[in-house]
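# Understanding the architecture of this molecule
In case you want the letters, here they are:
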Amino acid sequence: MTASRPGAQASAQSLIEARDVVKSFGQTPALRGASVAVARGEILAVMGPSGSGKSTLLHCLAGIFTPDGGEIWFDGRRLDTLGEAERTKLRRTAFGFVFQFGQLVPELSIADNIALPLLLNRVRRKDAYEKAARWLDRLELGDLGGRRTGELSGGQAQRVALARALVMQPQVLFADEPTGSLDSLTGEMVMDLIVSLAREEETTVVVVTHEARVAACADREILVRDGMVFDPQAAGVGR
Amino acid sequence: MSVPLTMLGLLEREPSHGYELKRDYDAYFGRGKPLPFGQVYATLARLARDGMVVAGEAEPGAGPERKRYVITEAGATEVETWLAEPAEPEPHLQTVLFAKVVLALMLGRPADRYLDVQRAAHLARMRQLTEVKRSDGLLDVLRADYGLFHLEADLRWIDTTAARLDALAKEVRG
């Protein structure tokens, strides 16, 4: 954990960092001074019981939620003080997201879903679909491009969601319970893909999970409990 | 499970006669497998020899079993070290972890912290096994899976126990 240093630059080694982050929903505190630093290229698992604040921490790190207190740093600059337009741009270009249920657009084909982030970022249509096709091949989904999302199995849908998340070559991939709705073996395959693709693409990954076997795929884990972070490495254990 | 260290932990709670120790051990940790009196006194003799406990004067009219045993500073340090050190993360650790949690709560020690340390040790071992799966053949993958699923079961117990510590503390402290 890193103590809050208002005005200081982000830690030299960290790509993304939360410092003493506080976040409440109404009267309910979700984060009560959570701090974590994620190094460039690192795969970090965020664990904790239901309602502990782990998803809130991910949403704060990703600039989806604005903290009530504390700071979020990304790539050397404050993220939490950026305006909504700038944060939206950052989420579209520098961050990728995978959620428990793929959250694909059901009206669109698989290829459309993967090309969508590129099209939103004004990549030429032809280039966007060529790139989507390359990702389909890479994830062994080559012949499914024209299908609708409803025709996919859970594992296939998560692979498509992963392709959509990585197609913009984001610096950080945020994954919230990416294997939560899958059986053990399919979940393992999806997690293996996340790890291998992140290594190949040099993407930093923050994965929220309650599954220890998923967390064991990461480089290290932190535990969120009652809105605060326990970092075993910082405490000198678990290595 | 480590009978000597568990008995030592019970002695840190309060000085006790051998029969009181056996009674409390059986109540909290015996679970259908009572400790033989012979083992209780042999263990106390070894603990006394090693400077972990001292035996009081024999009480009037009583045999050797009427001595009251008191933990020493070295004994208390031994208990603290044992509680704070994570057990080797192998499957089927429940009895050791159970004893550590119950003793930590009895002694007012930070059981939540011990569980955090144990959970980190478990995850470190799970990372090693996951690495084995990435590099070895399917037979090794199956062996690693066996370990991973069992360690995961331990972790679920650790997490559930961590969530119940307050209620558990009330029960063991009476």
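See the structure shown above.
Residues numbered from 1 in each chain as written. Chains lettered and ligands numbered in written order. Predicted model: local features only at pLDDT ≥ 70, side-chain atom pairs only at ≥ 80, totals over all residues.

Let us look at helix H6 (residues 184–201) of chain A. All names here are of chain A. Its 18 residues place the ends of H6 25 Å apart at the C-alpha level, agreeing with the 26 Å of an ideal helix rising 1.5 Å per residue. Those residues of H6 not exposed but buried are Gly-187, Glu-188, Val-190, Met-191, Leu-193, Ile-194 and Ala-198. Those residues of H6 hidden inside the fold are in contact with strand E3 (43–47), helix H5 (154–166), strand E7 (172–176), strand E8 (204–208) and helix H7 (212–215). At the exit of H6 stands Glu-202, carrying a positive phi of roughly 55 degrees. (Helix = DSSP H or I, 4+ residues; strand = E, 2+ residues; numbered from the N terminus. Expected span 1.5 Å × (residues − 1). Buried ≥ 20, exposed ≤ 12 C-beta atoms within 10 Å, placed from the backbone. Contact = placed C-beta atoms within 7 Å.)

The subject of this paragraph is the interface of chain B and chain A. How big an interface is tends to be expressed through the accessible area that disappears when the partners come together. Listed as interface residues are 14 residues of chain B and, on the opposing side, 13 residues of chain A. Broken down by element, the side of chain B that touches chain A gets its largest block of residues, nine residues, from helix H6 (residues 111–135) of chain B. Looking at side-chain class alone, the side of chain B that touches chain A contains nine nonpolar, one polar and four charged residues. (Nonpolar A, V, L, I, M, F, W, Y, C, P; charged D, E, K, R; others polar.)

The next thing to look at is the nonpolar core. Membership of the largest hydrophobic core comes to 113 residues, with the highest contact counts inside it found for Val-46, Ile-114 and Val-206 of chain A. Per-element tally for this core: the top contributor is H6 of chain B, with nine residues. Residue contributions to this core reach at least three from each of two domains, namely domain 1 (1–83) and domain 2 (85–174) of chain B. Once residues within four sequence positions are removed from consideration, Val-206 of chain A is found in contact with Val-38, Leu-44, Val-46, Leu-58, Leu-61, Val-172 and Phe-174 of chain A. (Core = buried A, V, L, I, M, F, W, Y, C linked by C-beta atoms within 7 Å. Domains from an automatic or database assignment.)

Another aspect to go through is the packing of helix H3 (residues 110–120) of chain A against helix H4 (residues 125–138) of chain A. Residue and element names in this part refer to chain A. Contact pair H3 / H4: the axes reach a minimum separation of 8 Å and the direction vectors enclose 130 degrees. Considering their axes alone, H3 and H4 lie oblique with respect to each other. Considering the relative orientation of H3 and H4, their crossing is right-handed. Contacts between H3 and H4 involve Ala-111, Ile-114, Ala-115, Leu-118 and Leu-119 from the former and Arg-125, Ala-128, Tyr-129, Lys-131, Ala-132, Ala-133, Trp-135 and Leu-136 from the latter. For the contact of H3 with H4, a count of residues per class yields 11 nonpolar, no polar and two charged. (Axes fitted to C-alpha atoms, helices over the stretch in contact; angles between N-to-C directions. Parallel < 35°, antiparallel > 145°, perpendicular 65-115°, else oblique. Left-handed = near helix turned anticlockwise from the far one by under 90°.)

With that settled, consider the sheet that holds strand E1 (residues 14–25) of chain A. Residues and elements named next belong to chain A. Strand order in this open sheet of four strands is E2-E1-E4-E5, and the pairing throughout is antiparallel. Edge positions in the sheet fall to strand E2 (28–39) and strand E5 (77–78), since each has one partner strand and no second. Examined bridge by bridge, E1 and strand E4 (residues 69–74) share five bridges and lie antiparallel to one another. Bridging across to E4, Val-22 finds its partner in Gly-69. Here helix H1 (residues 54–61) sits on the sheet in contact with E1, E2 and E4, set at roughly 120 degrees to E1. (Pairing = 2+ DSSP bridges.)

All names here are of chain B. Along its 13 residues, helix H5 (residues 94–106) runs 18 Å from first to last C-alpha, staying within 8% of the 18 Å computed at 1.5 Å per residue. Inspection of H5 places Leu-97, Ala-99, Lys-100, Val-101, Val-102, Leu-103, Ala-104, Leu-105 and Met-106 among the buried residues, and these make up the whole buried set. On its buried side, H5 packs onto helix H1 (3–13), helix H2 (18–30), helix H4 (73–84), H6, helix H7 (138–163) and helix H8 (165–172). Once H5 ends, the next one or two residues include Gly-108, with phi positive near 70 degrees.

Residues and elements named next belong to chain A. Strand order across the open sheet formed by six strands is E6-E7-E8-E3-E9-E10, with mixed pairing between neighbours. Each of the sheet's edge strands pairs with one partner strand only, and the pair in question is strand E6 (95–98) and strand E10 (228–230). Going from strand to strand, the sheet's axes swing by 20 degrees on average, the running direction of each strand aside. Judged from the four bridges that link them, E3 and E8 form a sheet pairing that is parallel. Residue Ile-43 lies in a different strand from E8, and its bridge partner there is Val-205. With respect to the sheet, H1 is in contact with E3, E7, E8 and strand E9 (220–225), its orientation differing from that of E8 by roughly 150 degrees.

Read these as layout, nothing more, since geometry by itself doesn't imply function.
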